[in-house]
Amino acid sequence: MRARVRVSDPEQIQTVEEFIAALQRLRVDSGLTYRQLERRAHLHGEVLPYSTAFHALNRDRLPRPELLETIVRACGGDAEQTARWQAAWQRVRNPSVEGGNSPPGPSSEPHELPAATSRSSSPSRIPRWLRLGGLITALAVVAVADSSLSPTLAQLVSTTALHHPCTTVVSLGAYGSCVQWIQERLQSRSMELPADAGFGPYTRMRLTAFQVAARLPPTGLGDKRTIQALLADGPPQLTWTRPQVKERLRRVFPPAAAHRAQKLVWCMSAGDPLWITGPDVNGVRRWGLFQYTDLQLFSLRATPSDALTPEWNIEEAYRLWQRSGSFAHWKCPGSDVLGSPAQIFR
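All of the points below concern the structure found in this document. (Residues numbered from 1 in each chain as written. Predicted model: local features only at pLDDT ≥ 70, side-chain atom pairs only at ≥ 80, totals over all residues. Heavy atoms only, no water.)

### Looking at the sheet that holds strand E2 (residues 286–287)
1) Next: One open sheet accounts for three strands, arranged E1-E2-E3; its pairing is antiparallel. Every interior strand has two partners, whereas the edge strands, strand E1 (276–277) and strand E3 (292–293), have only one.
2) Next: In the sheet, E1 pairs with E2 via two bridges, with the strands oriented antiparallel. Bridged to Ile-276 within E2 is Trp-287. (Pairing = 2+ DSSP bridges. Helix = DSSP H or I, 4+ residues; strand = E, 2+ residues; numbered from the N terminus.)

### Let's talk about the state of the cysteines
Simply put, the disulfide is a covalent bond whose two ends are the sulfur atoms of two cysteines.
1) Next: Counted under the stated rule, the structure contains two disulfides.
2) Next: The disulfide partner of Cys-166 is Cys-178, and the gap between their sulfur atoms is 2.0 Å. Residues Cys-166 and Cys-178 are joined through a disulfide that is right-handed, its torsion about the S-S bond being 105 degrees. Separated by 12 residues along the polypeptide, Cys-166 in the loop between helix H8 (151–160) and helix H9 (177–188) and Cys-178 in helix H9 bring together distant segments of the chain. By the burial criterion, Cys-166 is buried, and Cys-178 matches it.
3) Next: Covalently, Cys-267 is tied to Cys-332 through a disulfide, its sulfur atoms 1.8 Å apart. In this structure the cystine formed by Cys-267 and Cys-332 twists about its S-S bond by roughly -80 degrees; its chirality is therefore left-handed. With a gap of 65 residues between them, Cys-267 in helix H13 (residues 255–269) and Cys-332 in the loop between helix H16 (310–324) and helix H17 (335–338) connect regions that are remote in the sequence. Comparing Cys-267 with Cys-332, the two get one shared label, buried. (Disulfide = S-S within 2.5 Å. Buried < 20%, exposed > 50% of the residue type's maximum accessible area, 1.4 Å probe, protein only.)

Okay, here's the thing in structure tokens:
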């Protein structure tokens, strides 16, 4: 059983068990669900998939420092509180630095270093597929520099360059090097998501957006065609930033309706033009800033690609609002959590 430690005083934390228990208490005391933490993080321009937050608060290892900061801020912590949690993390991670009384144990072994540090600190920890990728790159450089490269070696470069760690179709709940590779490839296309090797709803959402852009079936699965598309070099996924979304809403909607439109967008999609939810129990998905359903897109003779285009999404929402004179087309049950527009857009 984990020790019970009050989060109001993280300076008392001495062990990993106490740290996790205190972090759990911080989340409970904030009154926010994991999904609401995800939304709060988005309001600060940070990425915190609710699945990542859940796993961080329900395992026997310290979270990464940057993840810890995001969680504390999402729970309402200010700069001083965040610094106190960082100090507690350092104390638990290195108990000998401050003469702590906690005996060294499994919690202070190197495997608890942040993932990026662990992968780079020891060659033996580098995934096999990544080491092979380095060899391929070196061979490619030789091939370019030496026109006399033998046909056999040239063929090896061209065939092994397609190597990747994905051998089966990956879907929601998967974990491992294949998922991390997919996340890193999406990051290379300027998609905003963490590379934590866990295939949660946030990764599925980003992968679906990539499939739409690549004109693939938007399944949200890491299947063969999607892997091949990720292997190919392509342009970044261009979209609008949240300030651009906010400014466009102010320009399109009249002042009396602009604040309501902004509040709805931030509640439904966190101001993210590539936000996709679902499928729900009825198999329905919702797309983009104003979360158009599949049926709505069909009736508008539009596509998911249209809905993920912020200009189309906002202009179509304005037309719907103009015809009805209200925002009755949209509902967001969690809007009370986000506070007033003045709080959201300060």
